[in-house]
Structures are given as structure tokens and as C-alpha cells.
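An overview of the molecular structure
Listed here are the chains, written in short residue letters.
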Amino acid sequence: MREKLSNGFNRRELLKTTGAAAAVSALASMSIPSVHAAEDSTIQLALVGCGGRGTGAAEDALRTTAGPTKLVAMADVVSEKLTNSHGGLSKRFANQVDVPEERRFIGFDGYKKAMDCLKPGDVVLLTTPPAFRWPMFAYAIERGLNVFMEKPVAVDGPTTRKMLQLGEESVKKNLKVGVGLMCRHCAARSELHKRIKDDAIGEIVLLRAYRAAGPTGSAFTTAKPDGISELLYQIKNFHAFLWASGGAVSDFLIHNVDECCWMKDAWPVEAKGFGGRHYRGNNVDQNFDTYSVEYTFADGAKLMLEGRCMPGCYDEFASYAHGTKGSAVISTKSHTPARSRIYKGQKIDSKDDLVWSYGQNEPSPYQLEWNDLMTAIRSDKPYNEVKRGAEASLVASMGRMAAHTGQLITWDRILNCDHEFAPGVDKLTLDGPAPLLAGADGKYPIPQPGKVTKREYA
Ligand SMILES: NC(=O)c1ccc[n+]([C@@H]2O[C@H](COP(=O)([O-])OP(=O)(O)OC[C@H]3O[C@@H](n4cnc5c(N)ncnc54)[C@H](O)[C@@H]3O)[C@@H](O)[C@H]2O)c1
């Protein structure tokens, strides 16, 4: 299959149907930059945010079963990250990585330069901390690029509204957009979802989700050391800062929230939340170390969400559904394998009550999400996960705001909340200030439930 342009033509068709002069002008208006792909079916990739997940997502994209791909450009704000990612990918995919020095970009405008190396219909991977999703996605839409973006896609009400609007624009432009809530592509969970729709456990009345572990990611962060700017320190430790990541709730718990709401086929309408900072030691980040959220759906059903980052406690990373006729394990431990199963009563893990279990080897949902995206691109089928990704991000923010403010937070309240954590995120520069400042004691503003109630921190 030939490379498709955003107008639905491939290059050869464009030349044939418009005549050489018109085609030259049409192609020129797309300002196709340095990479001129041969007339083959290769889809070119640009990686923006070359950290752990970005490198992993690039691997999945290079390994996709849906036709040839090639990485041609990379961007990051930290050159070491880009160099390490490039080194590893080049070793593992020698024939599919073609990113010479002139297509490696460092800085806050690097994403534009990397995307300028692609042509409409290629794919950009947005795998920076989520704060940067909306400006990067806006530019990808302008360039007519298909997109893979990691979750969360927004961290607060205002950025969710931006993403919902950008999502609509991208649908109108027929762009294919995958969002890294990969559990939606999991074979075991998909089979469970089908069985739940076929009434295997009756009406869902309760969902439970747990992610309880020791300190995770950069959720616990000590004061800025010398030798790094305030801004790069906050970006490096993005789980610590609500503007950058939405914190531990948005970043860590969103997968559980999303898989539970998928099984219910609904989003909750309101949330009550609890949490606290127990053993913070020298950590200066904005997170609580326990979160407990009760979400309510329109039909009155509940989702109980428990998050804890605390060593020495009972650990669990799983989601469950309880229905009027039975119960189900949605996921067992971490993201994969899910080992989804159904029980006839409410006694999860009762061997006698087991009705169904997926019971086969589970392919990686990280690979499946890429196979699905690339298949949709190549067959030009509608494929756009932005609305769902933005809504899942909003539900995570709703629970977090409920815990941080101590207020009952409705869907409408979080969606219409005007507290944008980092309004100027699209204008940051390497030598400029960070969106959040520490106080004289070196600590950052933390949530104060019951005291600061209109926004998550003062
Ligand atoms: N789906 C999953 O299971 C999963 C797993 C891990 C991470 N993630 C998500 O992936 C994203 C990245 O997480 P990570 O663990 O890879 O973090 P990371 O810190 O390893 O990587 C992020 C990279 O982005 C770079 N970066 C930051 N701001 C940038 C900007 N403005 N322009 C260009 N580069 C920039 C950083 O320097 C870093 O190299 C997050 O949204 C996270 O939630 C998803």
C-alpha cells in the first residue's frame, strides 16, 4: 500500500490526477522537509519524548505487524535521554532507525522540528509528560499527522477541554489517533467485556480498583539538587508536580479507572475523595501517599478506587467488578497478563465458583494497540481515541480533585474548573522559569482539603 496523504490521495495518485504543476504546488504547501521517503509503503515515525515509555512505544511501532515503519526523527529536552534512546533503538532495529544528527532535536521547540521531518499521514509519538500533550497534538493536527499519544492526555479541567476540542478537529481531518490506555486493546479484557455485555454477571453495581505499592515513579521527590534548572528538575520528576503529570492519581490510577469504566460502559458523574500525607520525610512533591475515591455512576453504582504509595503495606494492583448475578476479575496484577475471569457469586477467587477464565497466553496489549492503530491507518478506517482518552483523564482528575479539596466533585465541576495548572506550557524555554515555584522553605504548595477548596493548591 502506498503512503496516504491527509486528503486521502497517495503521492502517485496526486501526481496523476492533478497534473504535475498542481501537484508540485500541493506538495509544496505541505512543506515536506528533509525526509523524502521512497515510493514504498513505509510509514515514518517521529518520537517526541525519548524516555522509558517513548522508547518502548517506538519499539512497538517498529515491531508492528501492520506493515513497514521507520523512525526518522527524535526530540527531547534532555540530550542524554535522546542519545540513550537512539542508541538502544538503533541496536535493536538497525534497519528501521534512520535518525542522523540533523534530525535529533533538543529543546522545547524540538517537537515542531521533529514533526516537520514527517509528511502528512506519517505518525508522531507524543510520549512526554502529559502537560505538553495539547500544544504538541495541536501542531500534529496542523501538519496532518497521525498520532500515538500516551496517557493521561490532560491534567486538569482546562486542558481536558482543549484536548476534547482538538480531538474533534482531528476527527474532522480523518487523522488516526491512538491513546496509550493499552488495556482497551487487551484480548482477555475484551473477551470479559463481551461476556459482561452478554449478562454474565448481571448489572454491575460495584467496581473496585487497587494500585497499592511502595514509592512509585517520581511521586516521592526530594528537593532540587544543584546543577539542574528548576524547570528541568520538575520535568524530570514529573509525577511530583501536578502541572506536569496530574500527580500519582492521574498518572498511576488512570488505567484502573479506565478499565473499570469500560466494563460499566459509563463514566461516573461524581466523586468523593480522601487521602493524606503520612510519611513524607524530606520529600517536597505535591502528592498524598494514600488516595481513596468513591465514584458514583448515573445509575447509582459505585467505583471504589484505592491508591497507595507506601512501603511495608499490603500491595495490590488489580480491578474487580461485582454484578447482580456474579463477579469478575478485570485484571489481576499490573497491566498484563490480565488473567480476567468470572465467578458465579461474589467470592472472588473461589475455585468452586469459577465460571470462566481467559486461560490463554495473552499477547502484549502494548503491541496490540500499535497493530490496531497501524491497521486503521493503512486501511483508512476511522480510528480516534482522543475523546475517550480525555474523558478517562478527566475522571482521574475528578477523583484527585475530590481528595485534594475534600469536596464532592461532579463531572461538570471538574470539566468547567478554571484552574489551569500551567497556562503557559506551550511557551516554556530551556532557560526560562518553571510553572510552579517553591516557597522559602524549599517546599511546593500542597493540597489542603477543607481549607483550599476551589482549586487543588493555593
Ligand atoms: N501506558 C503505560 O503503561 C505507560 C507507562 C509508563 C509511562 N506512561 C506515560 O508515558 C509518558 C512518559 O512517561 P515516561 O515514564 O516515559 O517518562 P520519562 O521521564 O522516562 O520520559 C519522558 C521524556 O520526555 C522528555 N520531555 C519532557 N518534556 C518534554 C518536552 N516538552 N519536549 C520534548 N521532550 C520532553 C523527558 O526529557 C523524557 O526523556 C507519561 O505520560 C506517562 O504517564 C505510560
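Structure report, in brief. Sequence order as written defines residue numbering, which begins from 1 separately in each chain. Local features in this predicted model are restricted to residues of pLDDT 70 or higher, and side-chain atom pairs are both shown and tallied only at a pLDDT of 80 or more, whereas totals for entire chains, interfaces and linings draw on every residue. Neither water nor hydrogens contribute to the side-chain values; these are computed over all heavy atoms in the structure.

**Some points on helix H12 (residues 386–405)**
A run of H or I in DSSP becomes a helix once it reaches four residues, and a run of E becomes a strand once it reaches two; helices and strands are each numbered from the N terminus. Here the expected length of a helix is defined as 1.5 Å per residue gap, with one fewer gap than residues. The end-to-end C-alpha distance of H12 is 28 Å, a good match for the 28 Å that 20 residues give at a rise of 1.5 Å each. Of all 20 residues that make up H12, 18 are buried, and the element is covered over most of its length. Only protein chains enter the accessibility calculation, which uses a 1.4 Å probe; a residue is then buried when its area is under 20% of its type maximum, exposed when over 50%, and partly exposed in between.

**Overview of empty space enclosed by the protein**
With a probe scaled to a water molecule rolled over the atoms, the places where space remains empty come into view. Two kinds of site are reported from a 1 Å grid over the protein atoms alone, namely cavities, where a 1.4 Å probe fits but cannot get out, and pockets, open sets with protein on both sides within 12 Å along at least five of seven lines, and residues are called lining when an atom falls within 4 Å of a point. Grid points are joined across faces, edges and corners, and a volume is the space filled by probe spheres set on the points. The tally for this structure, following the rule as stated, stands at three cavities of 30 Å³ or more. Roughly 50 Å³ of internal volume is contained in the second largest cavity. Taken together, Ala 131, Trp 134, Val 155, Asp 156, Thr 159, Trp 243, Glu 420, Phe 421, Ala 422 and Val 425 make up the lining of the second largest cavity. Gly is put with the polar residues, along with every residue not named as nonpolar or charged; the nonpolar set is Ala, Val, Leu, Ile, Met, Phe, Trp, Tyr, Cys and Pro, and the charged set is Asp, Glu, Lys and Arg. Of the residues assigned to the lining of the second largest cavity, the class counts are seven nonpolar, one polar and two charged.

**Comments concerning the nonpolar core**
Grouped together as the largest cluster of nonpolar side chains are 106 residues, with contacts concentrated most on Val 124, Phe 137, Met 149, Met 163 and Trp 243. The criterion is simple. A nonpolar core is a set of buried Ala, Val, Leu, Ile, Met, Phe, Trp, Tyr and Cys residues joined through side-chain atoms within 4.5 Å. Leu 47, Ala 61, Met 74 and Val 123 belong to the second largest nonpolar core, which has 25 residues in total.

**Quick word on the pattern of salt bridges**
For side chains of opposite charge, pairing can occur when their charged atoms come near one another. Definition used for salt bridges: Asp or Glu carboxyl oxygen within 4 Å of a side-chain nitrogen of Lys or Arg. Within the structure shown, the criterion is met by 28 salt bridges. With its nearest N and O atoms 2.7 Å apart, the salt bridge here joins Lys 119 to Asp 122. With a relative accessible area of 1%, Asp 122 lands in the buried category. The salt bridge involving Glu 456 is made with Arg 400; its shortest N-O contact spans 2.8 Å. Highlighted residues: Glu 456 in the segment after helix H13 (411–416) and Arg 400 in helix H12, separated in sequence by 56 residues. For the pair formed by Glu 456 and Arg 400, the shared burial category is buried.

**Considering helix H2 (residues 52–63)**
For H2, which comprises 12 residues, the first-to-last C-alpha distance of 17 Å matches the rise-based estimate of 16 Å (1.5 Å per residue) to within 8%. Of all 12 residues in H2, nine are buried; the element is thus mostly enclosed. Residues Gly 54, Thr 55, Gly 56, Ala 57, Ala 58, Glu 59, Asp 60, Ala 61 and Leu 62 constitute the buried set of H2. Any two residues having at least one pair of non-hydrogen atoms within 4.5 Å are treated as being in contact. Where H2 is buried, its residues touch strand E1 (43–48), strand E2 (69–76), helix H3 (79–92), strand E4 (123–126), strand E5 (146–149) and helix H11 (365–379).

**Quick notes on the site of the ligand**
Around the ligand, a shell composed of 28 residues is seen, among which Arg 53, Asp 76, Lys 151, Asp 251 and Tyr 366 lie nearest. Arg 133 is positioned such that a nitrogen or oxygen atom in its side chain is 2.9 Å from an oxygen atom of the ligand. Within 3.5 Å is the distance limit for a polar contact, defined as a pair of N or O atoms, with the added protein rule that one can donate a hydrogen and the other accept it, and that residues adjacent in sequence qualify only through two side-chain atoms. Contacts to the ligand include Tyr 366, whose side-chain N or O atom sits 2.7 Å from an oxygen atom. Out of a free accessible area of 850 Å², the ligand has 89% covered by protein chains. One can see that the ligand is located within the largest pocket. Mapped by element, the contributors of at least two residues to the shell around the ligand are H2, helix H5 (133–142) and helix H10 (247–264). Looking at the shell around the ligand residue by residue, the class counts come to 13 nonpolar, eight polar and seven charged. To be near a molecule or strand, a residue needs just one of its heavy atoms within 4 Å of it. All accessible-area figures derive from a Shrake-Rupley calculation using a 1.4 Å probe, and residue coverage is judged against the displayed protein chains alone. Grid points define the cavity or pocket, and a molecule sits in it when more than half of its atoms lie within 2 Å of them.

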